[in-house]
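Structural features, examined
Each chain is listed here by its residues.
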Amino acid sequence: DALAAFNALPLIPEFELANLLDMLKMLIDYIVARELVSLPGDHKLHRINQYISKHLTENITLRQMSRHLSCSESSLTHYLRYEHGTSFKKILASKRISAAEKLMKNNPALTIAEIASMTGYDDPHYFSRVYRKIRGRPPGASR
C-alpha cells in the first residue's frame, strides 16, 4: 500500500524542480530583505541603536535613519510608536544623554560644553535642557 501511494505521487522533472527551488530562494530573500518575518529579538531596534552609537556626534535625522533601514520615515515612526511606545527623537536623546553621563564619570575635567559637543549637541544650553528633561536634574548636578 505504501509503495502504491508513493508511486501515485506526482513526479516533478529535475529542471522544473530547479526552477521551483530558485523561486523559493527568491521568495525567502525578499522576505528577509523586507523584514516581513523577523527572528527572535528586535533586529530593527538593534540596527537603530547601532547606527546611533556609531554616528552619535553627527546630526542624525529621521530621514537618514529610515534610509539606513530601507523604509519610509512614516513606517519607522509608526514602528517606534506602536512597537516600542517611543519616538526616534527620544531614542536619540536617551543614547546621547547616556553617553554624556559616561563621559562625565570617566572624564570629570571636561566642561559641559565639551561633553555636549562630544555627544552631538552643538549648543550646550540645549544639551542642558534635554539632559534636565530626561534625568530631572541639570548635567552639573550629575557629577
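Residues numbered from 1 in each chain as written. Predicted model: local features only at pLDDT ≥ 70, side-chain atom pairs only at ≥ 80, totals over all residues. Heavy atoms only, no water.

Considerations on the confidence of the model for the chain
What counts here: Residue-level confidence of the predictor, termed pLDDT, takes values from 0 up to 100. Elements are defined by DSSP. Helices are runs of H or I of four residues or more, strands are runs of E of two residues or more, and each kind is numbered from the N terminus.
On average, residues of the chain score 90 in pLDDT, and 93% of them reach the 70 mark or higher. Of all helices and strands in the chain, the one with the weakest mean pLDDT is helix H2 (residues 14-33) (85), whereas helix H7 (residues 112-118) scores best (96).

Here's the deal with a nonpolar patch on the surface
Cut-off, in case you're wondering: Patches here: salt-bridge-free residues with over 30% relative accessible area, like charges joined within 9 Å, nonpolar side chains (Val, Leu, Ile, Met, Phe, Trp, Tyr) joined within 5 Å. Methods summary: accessible areas were calculated by the Shrake-Rupley approach with a probe of 1.4 Å, and residue burial reflects only the protein chains presented. Any carboxyl oxygen of Asp or Glu that lies within 4 Å of a side-chain nitrogen of Lys or Arg is treated as forming a salt bridge with it.
Residues Ile12, Leu17, Leu20, Leu21, Met23, Leu24, Leu27 and Ile28 make up a contiguous nonpolar surface patch of roughly 750 Å² in combined accessible area. Tracing the backbone through its elements, the reader meets Ile12 in the loop between helix H1 (2-8) and H2.

Here we look at the packing of aromatic side chains
Heads up, the rule is: Any pair of Phe, Tyr and Trp rings, taking the six-membered ring for Trp, is counted once the centres come within 6.5 Å. Such a pair is stacked with planes under 30 degrees apart, edge-to-face with planes over 60 apart, and tilted for the rest. Throughout this description, buried means an accessible area under 20% of the type-specific maximum (1.4 Å probe, protein chains only), exposed means over 50%, and partly exposed covers the range between. Look at NZ for Lys and CZ for Arg. If either is within 6 Å of the ring centre and within 35 degrees of the ring normal, a charge sits over the ring.
What the rule picks out here adds up to three aromatic pairs. A centroid spacing of 5.9 Å and a plane angle of 55 degrees characterise the contact between Tyr121 and Tyr126, whose relative ring orientation is tilted. Accessibility expressed as a relative area gives 6% for Tyr121, which makes it buried. For the pair Phe127 and Tyr131, a centre-to-centre distance of 5.9 Å together with 55 degrees between the ring planes defines the contact as tilted. Linking Phe127 with Tyr131, this pair stays in helix H8 (residues 124-135), spanning four residues, or about one helical turn. Take Phe127 and Tyr131: they sit in the same class, and that class is buried. Chaining the aromatic ring pairs together yields one cluster made of Tyr121, Tyr126, Phe127 and Tyr131. Note that Lys44 overlies the ring of Tyr79, its terminal NZ or CZ placed 4.8 Å from the centroid. Seen from the ring of Tyr82, Arg81 lies directly overhead, with NZ or CZ sitting 6.0 Å from the centre.

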